[in-house]
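The residues making up each chain are set out below.
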Number of protein chains: 2
Amino acid sequence: MISVESALEIVLSRADPIGAEDVSLPDACGRYLAEEVRSDLDLPPFDRAMMDGYAVRASDTAGAPRTLRVTGQVRAGQQPDRALASGEAVQIMTGAPVPPGADAVQQVEKTRALPDGQVEIVEAVEPSQNVAPRGCEARAGDVVLEAGRRVDPAALAVLASAGRARVRVGRRPRVALLVTGDELVDPAERPVGGQIRNSNGPALAAQILEAGAVAEPLGVAPDAEERIAAAVQRGLGADVLVLSGGVSAGAFDLVEAVLAAFGVEVLFERVAIKPGAPLVFGRRGSQLVFGLPGNPVSAQVTFDVFVRAALERLQGSRGTASRPLVDVELLAPFRNRSRRKAYLPARVRADGTRLVATPIRSAGSADVFAHAAANALLVLEADRTEAAAGEHAPAMLLRRFFEGDA
Amino acid sequence: MISVESALEIVLSRADPIGAEDVSLPDACGRYLAEEVRSDLDLPPFDRAMMDGYAVRASDTAGAPRTLRVTGQVRAGQQPDRALASGEAVQIMTGAPVPPGADAVQQVEKTRALPDGQVEIVEAVEPSQNVAPRGCEARAGDVVLEAGRRVDPAALAVLASAGRARVRVGRRPRVALLVTGDELVDPAERPVGGQIRNSNGPALAAQILEAGAVAEPLGVAPDAEERIAAAVQRGLGADVLVLSGGVSAGAFDLVEAVLAAFGVEVLFERVAIKPGAPLVFGRRGSQLVFGLPGNPVSAQVTFDVFVRAALERLQGSRGTASRPLVDVELLAPFRNRSRRKAYLPARVRADGTRLVATPIRSAGSADVFAHAAANALLVLEADRTEAAAGEHAPAMLLRRFFEGDA
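Quick notes on the rules
Residues numbered from 1 in each chain as written. Chains lettered and ligands numbered in written order. Predicted model: local features only at pLDDT ≥ 70, side-chain atom pairs only at ≥ 80, totals over all residues. Heavy atoms only, no water. Helix = DSSP H or I, 4+ residues; strand = E, 2+ residues; numbered from the N terminus. Buried < 20%, exposed > 50% of the residue type's maximum accessible area, 1.4 Å probe, protein only. Lys, Arg positive; Asp, Glu negative; His and termini not counted. Salt bridge = Lys/Arg side-chain N within 4 Å of Asp/Glu carboxyl O. Polar contact = N/O pair within 3.5 Å; in protein donor to acceptor, adjacent residues only side chain to side chain. Contact = heavy atoms within 4.5 Å. Buried area = accessible area lost by both parts, 1.4 Å probe. Disulfide = S-S within 2.5 Å.

Draft legend 1. Region of interest: the side chain of Asp367(B). Its location among the elements puts Asp367(B) in the loop between β25 (354–359) and α8 (368–373). Arg361(B) provides the closest opposite charge to the buried, unpaired Asp367(B), separated from it by 6.7 Å. Looking at Asp367(B), its side chain comes within polar contact range of the main-chain nitrogen of Phe369(B), at 3.1 Å. Setting aside residues no more than four positions away along its own chain, Asp367(B) makes contact with Glu137(A), Val297(B), Arg361(B) and Ser362(B).

Take a look at the structure:
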């Protein structure tokens, strides 16, 4: 049984980027940059007015109020048709280029239009006031996005500004997903006898998509070696193979035997994590193979801790963890009797200057309800059997933390 | 000019859910539940073994080691074929139903198989030990997911467990997007004269998608009333119309005039926010209309603060804000000279027990580079012109906070 840290290190050391492709801007969102991006221009490309008002020479406004002659107008998108001389003002709109000869803009609220093409500048301006000088945001040639950066709407604005209508991003991994278990029936069916509904199939497929990968469901296989083997065979072409179930002490040999028959090199098979513990990681050529526990909360949590981190790396992320860890203050005790590193369902919220956590009552690693009610997982090390109210502990924020009111 | 709080209240009071539809589980992910979900079963549906080992009567193990007779085996998915009597043990796998007559499971590591179909129970067990009793996770009829909940992988596991292969979720709003400005050229083009590239189109379309809505781009319109009107005409069938540009003091009348011509009731047109200030919100029948500023950072930030919150509500979210606000400690001063509520680009990270923030140098509300480098927006109220290092302030966490290593 190896530690979470050692297991993650092994996983990440095997998770190299699987390749890149050029995509257009809308398709780049959610992907990881496979190149660093430089601006092809100074930005702004000209001295730009930051206010609606009048372009002036600042020295002409000393001792304001001062009256200047309005010699023209320049709107966003226009090029000024002439330079500005002393004593002159040009009406200017936000985003328009400041005419040569002008060095400041006075906002319209601090001016007064006069008859006969004149304007009174009511307050003096300093040189550069309300002007964004050419190149103040970025210089031509500057790296404006690093390789490995996840593309989000703000990064799309940068790509567009830098002249990149297409960009190179990491390829999305194809992830074959096989759920195993004699006890599983479809969610639409009513379980009888010892059956339960298959919740890992829908949850893990969605986790694969959320991690930016493509899910290729192989369905559900019963605990029978030849059936598991047939499904694994169909999943061998994918970048990653994820199985759930069949790895606990009782049934473990089944999945291990199948993986061995296909030449999968197993790199670890138990991790000191709760929920989890039985957790197989291996590889077959460049394909990564994860055998997750069958218990639904164990499957979801070990996916978040290990598989997600790997999927992001395969796409070119440079991150080392897939979820932020923040320190929180406990409002009630959390217990960990597992002698493994525990990820306990918790509700984290901001309380003034503190992030505070309350435990969520859970009936164990099959309690999908407790897990769905959590917005974070409180992390207690193996030797920390109890953390009292008032103590601090790290919490891994789940995406739900981010979706709700914190 | 109204406050951010008043403006958000007006927006949310107009943003009622637009309807619901039944979808299958994979399609439910990212949507908001339009019904409360109840379990149709006790879960687990039977007393379930939580370990691989032996089902026993706890009283038979008192004074262990004790030797019991193994009378059978039950695996996950099987129904026990007979009850267990005193002196007997049944080999059992994780997830299998505990046979009638047994009240505990001893894990296999604390047992020793003996010849002649016997097993030594090395350590005594308590009644209920390693057994998840029927209904301990949820009772038939229990509400297991509230209406308004965003469906994520963990919620999919709950839906599957509760027997819901289909579920009712809020309809995705269709959002028509029109970018205006004479100065705009396509990202693939090289701007000349007073031109700049259109970054709002790609960024806002991606923000619409990220908020769970469907973007219907109307392209770019120059600052000409009839061109804007023609585009708005095409966008009238959508649930929401988002425009960017044409709302600042200089050009404001253009967009206002077009909206007025189409019978849009304007509910506010200036908000005390920086970046932003010019920000039009109105409605036309059930259609919501947002006129965002043209400056790209202003457009992205006001989208996150107002439009995203509205889009979530239209889908059935019960939240009141679209991004979590957490209190952070400042590592360097932040300044707000705007006399408006400021959302300043910041980098927030966890430092031990504290969330700390450093400012990101920005050249203003067109500086898409500074905005893309931020993972949070530090919020300073209008009257808080400076916050010194060591002081606290709220920060609105952007999605990027969540994507990177915090």
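Draft legend 2. Layout of the environment of Ala85(A). Residues and elements named next belong to chain A. Residue placement: Ala-85 occurs in the loop between β5 (66–74) and β6 (88–92). The sequence separation of Ala-85 and Arg-69 amounts to 16 residues, and the corresponding C-alpha distance is 9.9 Å. The residues touching Ala-85, leaving out its near neighbours within four places in the chain, are Arg-57 and Asp-60.

Draft legend 3. The arrangement of the interface of chain B and chain A in detail. At the junction of the two partners, chain B supplies 93 residues and chain A supplies 93 residues. The junction of chain B with chain A conceals about 7,500 Å² of combined surface from both sides, 61% of it contributed by carbon and sulfur atoms. Counting across the interface, chain B meets chain A through six salt bridges. For Asp40(A), the salt bridge goes to Arg190(B), with nearest N and O atoms at 3.5 Å. Our count for the chain B to chain A interface comes out at 10 residue pairs in polar contact (both at pLDDT 80 or more). Listed by contribution, the elements that provide at least two residues to the side of chain B that touches chain A are α3 (153–161), β15 (196–197), α4 (200–210), α7 (296–314), β22 (325–330), α8, β28 (392–397) and α9 (399–403) of chain B.

Draft legend 4. Inspection of unusual backbone geometry at higher detail. Looking along the chain, the bond that leaves Ala64(A) and enters Pro65(A) is cis, with omega of 5°. Checked against the element boundaries, Pro65(A) lands in the loop between β4 (53–56) and β5. In the Ramachandran plot, Ala277(A) falls in the positive-phi region, its phi being about 70° despite a non-glycine side chain. Locating Ala277(A) in the fold gives a position in the loop between β19 (273–274) and β20 (278–284). Within the chain, Asn130(B) stands out as a residue other than glycine whose phi angle is a positive 60°. Inspection of the secondary structure puts Asn130(B) in the loop between β9 (118–121) and β10 (131–132).

Draft legend 5. Expanded view of the state of the cysteines. For the coordinates displayed, the defined rule picks out zero disulfides over all chains. The structure places no disulfide on Cys29(A), whose sulfur is separated from the nearest cysteine sulfur, that of Cys29(B), by 17 Å.

Draft legend 6. Representation of the environment of Pro324(B) within the structure. In this structure, Pro324(B) sits in the loop between α7 and β22. Since its relative accessible area comes to 0%, Pro324(B) is described here as buried.

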